Amino acid sequence: MKQYASDLQTFLGMNEIEVKVYENEQYLQSMKEAKRLEQLELEWTVDPFVETILNSLKNFGSIEMRTQTSSIEFTRAKNKQAQLQVVTTKKTIDDVKLILQKEITIDGTDIRGCCMSAEGGMLYTDYQVKDASLTVIASDYKLKYKMLINPSYGFDITLVDESTVAITSADSQVKDGIDIIDIKNQRKIKFIALPGRSWGITRDHDSLFVCVDKLGIYKVNTLEGTTSRVIRCNLPVCSYVAVYTDKIYYTNYEDDSVFCCDRNGTRVWAFKDEFVLKEPVGIAVDNNGNVYVVGEKSSNVVIISSDGKHHTELLTEDNGLTSPSAIFLDRENRKLFVANTMKTAFLYNIS
């Protein structure tokens, strides 16, 4: 406008634009104040007497109209200019806070795996050459039962569905693979053989991902019964694995490293800081792709950002950690279950 118009024309034109902007601003603001931008929901409730319509029909149902507060916010970026801005703040690992819900006394001398049921119950494995066991604690923190899982050495555990879990056999001298256990009836129902000693395990939809000693990470399709290697690497014993969206994460306690790969096995990033994380074992991932890792020798829980570039300590010895080994994150209910190798475990709410 300034290039082709005179000063007077520019002044008049800008004045007219300001008037129009102001008028539209007032119109939008009036709509918000009149609640015309609020969302409406219609809900239909079926009357139970419809089933006996011939004898006792009263009505077919009811319709209820609800209002929901509009999520649209108005922000003036400059005087006389109205803008609709959607402000989204991406949370960082520094925003993650843990609130202790319960400190739990646990039985066992070498706890290596833990998880939680949909009902809020807690399960953990006691890794033993003889008398390895699975312990189940109810949501009220009372012991439900403890069952032996021989000849498996009972290393790591993951839920398969609401009634079954999968437990790796570790360095059992009898067989290498995974026991599928019915936790409702307290019995083994299936064994899945693997080509080597199995350690960390996790579930993603209909598949189990397992760390196999010296061979890498294997994927077991629980519906089709097929097994395939997805990451080829020389994994040491006591490696753990986690899966989230299109990424696979695993720990290597021998070189104090944490790795993130895509589903094809291509490395995305690696994390190693011996001053912060020593002998990383249990691993979990939240809904933002942040990675939670247990340091057994450093007695801490470290959170690593989704890109692997940032980290911070979430829990330390000051929080009661003593050689922790296992971790489980309930993404839906935002709970974190962390277990020491013996005596105590901790349940946290994630804020």
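Just so it is clear, the structure is predicted and the values come from calculations on it, not from any experiment.

Q: Explain the pattern of salt bridges residue by residue, including any values.
A: Counted according to the given criterion, the structure contains nine salt bridges. Linking Asp-110 and Arg-112 is a salt bridge whose minimum nitrogen-to-oxygen distance equals 2.8 Å. The two residues Asp-110 and Arg-112 agree in class, both being buried. One network of salt bridges, with partners in common, ties together Asp-110, Arg-112 and Glu-296.

Q: I'd love a proper account of the sheet that holds strand β9 (residues 143–148), names of residues and values included.
A: Spatially, the four strands line up as an open sheet ordered β6-β7-β8-β9, and their pairing is antiparallel. Only two strands of the sheet have a single partner each, and these edge strands are β6 (111–116) and β9. Strand after strand, the sheet turns through a mean of 15 degrees between neighbouring axes, direction not considered. In terms of strand pairing, β6 meets strand β7 (residues 122–126) through five bridges, oriented antiparallel. Pairing of Gly-113 across the sheet is with Thr-125, part of β7.

Q: Now, about the side chain of Asn-340: what can you tell me, with residues and values included?
A: Of note, Asn-340 is situated in strand β27 (residues 335–340). In terms of polar contacts, Asn-340 uses its side chain to reach the side chain of Thr-344, at 2.8 Å. In contact with Asn-340, not counting residues within four places along its chain, are Ile-106, Ile-111, Gly-320, Leu-321, Thr-322, Ser-323, Pro-324, Ser-325 and Phe-346.

Q: I'd like a description of unusual backbone geometry, backed by residues and values.
A: Residue Asn-150 is joined to Pro-151 through a cis peptide bond whose omega torsion reads 5 degrees. Of note, Pro-151 is situated in the loop between β9 and β10 (157–159). Positive phi, close to 70 degrees, is recorded for Tyr-141, a residue that is not glycine. With respect to the element layout, Tyr-141 can be found in the loop between β8 (133–137) and β9. What makes Tyr-141 partly exposed here is its relative accessible area of 26%. Positive phi, normally seen in glycine, also occurs at Arg-334, with a value near 55 degrees. Examined against the element boundaries, Arg-334 turns out to sit in the loop between β26 (324–330) and β27. On the accessibility criterion, Arg-334 (36% relative accessible area) is partly exposed.

Q: Residues and numbers for the packing of aromatic side chains, please.
A: Applying the stated criterion across every chain, the model contains eight aromatic pairs. Consider the rings of Tyr-127 and Tyr-153, whose centres lie 6.5 Å apart with planes at 55 degrees: the pair is tilted. You can see Tyr-127 sitting in the loop between β7 and β8 and its partner Tyr-153 sitting in the loop between β9 and β10, a full 26 residues away along the chain. Of the residues examined, Tyr-127 reaches a relative accessible area of 17% and is grouped as buried. The positively charged end of Lys-175 is found above the aromatic ring belonging to Phe-191, 4.2 Å away from the centroid.

Q: How would you summarise the pairing of strand β12 (residues 177–182) if you had to cite specific residues and measurements?
A: Taking burial as the measure, the six residues of β12 include six buried ones, the bulk of the element. One ladder, built from five bridges, connects strand β11 (residues 164–168) with β12; its direction is antiparallel. If you follow Ile-167 over to β12, its bridge partner there is Asp-179. Pairing of β12 with strand β13 (residues 187–193), which is carried by six bridges, proceeds in the antiparallel orientation. Within β13, the residue paired with Gly-177 across the bridge is Ala-193. Joining the antiparallel neighbours β12 and β13 is a turn of four residues, in which Gln-186 adopts a positive phi near 55 degrees.

Q: Which residues make up the environment of Pro-324, and what are the values?
A: For Pro-324, the position within the fold is in strand β26. A relative accessible area of 0% means that Pro-324 is categorised as buried. Spatially, the C-alpha atom of Pro-324 lies 9.3 Å from that of Thr-344, the residues being 20 residues apart in sequence.

Parameters at a glance
- Residues numbered from 1 in each chain as written.
- Predicted model: local features only at pLDDT ≥ 70, side-chain atom pairs only at ≥ 80, totals over all residues.
- Heavy atoms only, no water.
- Salt bridge = Lys/Arg side-chain N within 4 Å of Asp/Glu carboxyl O.
- Buried < 20%, exposed > 50% of the residue type's maximum accessible area, 1.4 Å probe, protein only.
- Pairing = 2+ DSSP bridges.
- Helix = DSSP H or I, 4+ residues; strand = E, 2+ residues; numbered from the N terminus.
- Axes fitted to C-alpha atoms, helices over the stretch in contact; angles between N-to-C directions.
- Polar contact = N/O pair within 3.5 Å; in protein donor to acceptor, adjacent residues only side chain to side chain.
- Contact = heavy atoms within 4.5 Å.
- Phe/Tyr/Trp six-rings, centres within 6.5 Å; stacked < 30°, edge-to-face > 60°.
- Lys NZ or Arg CZ within 6 Å of the ring centre and 35° of its normal.

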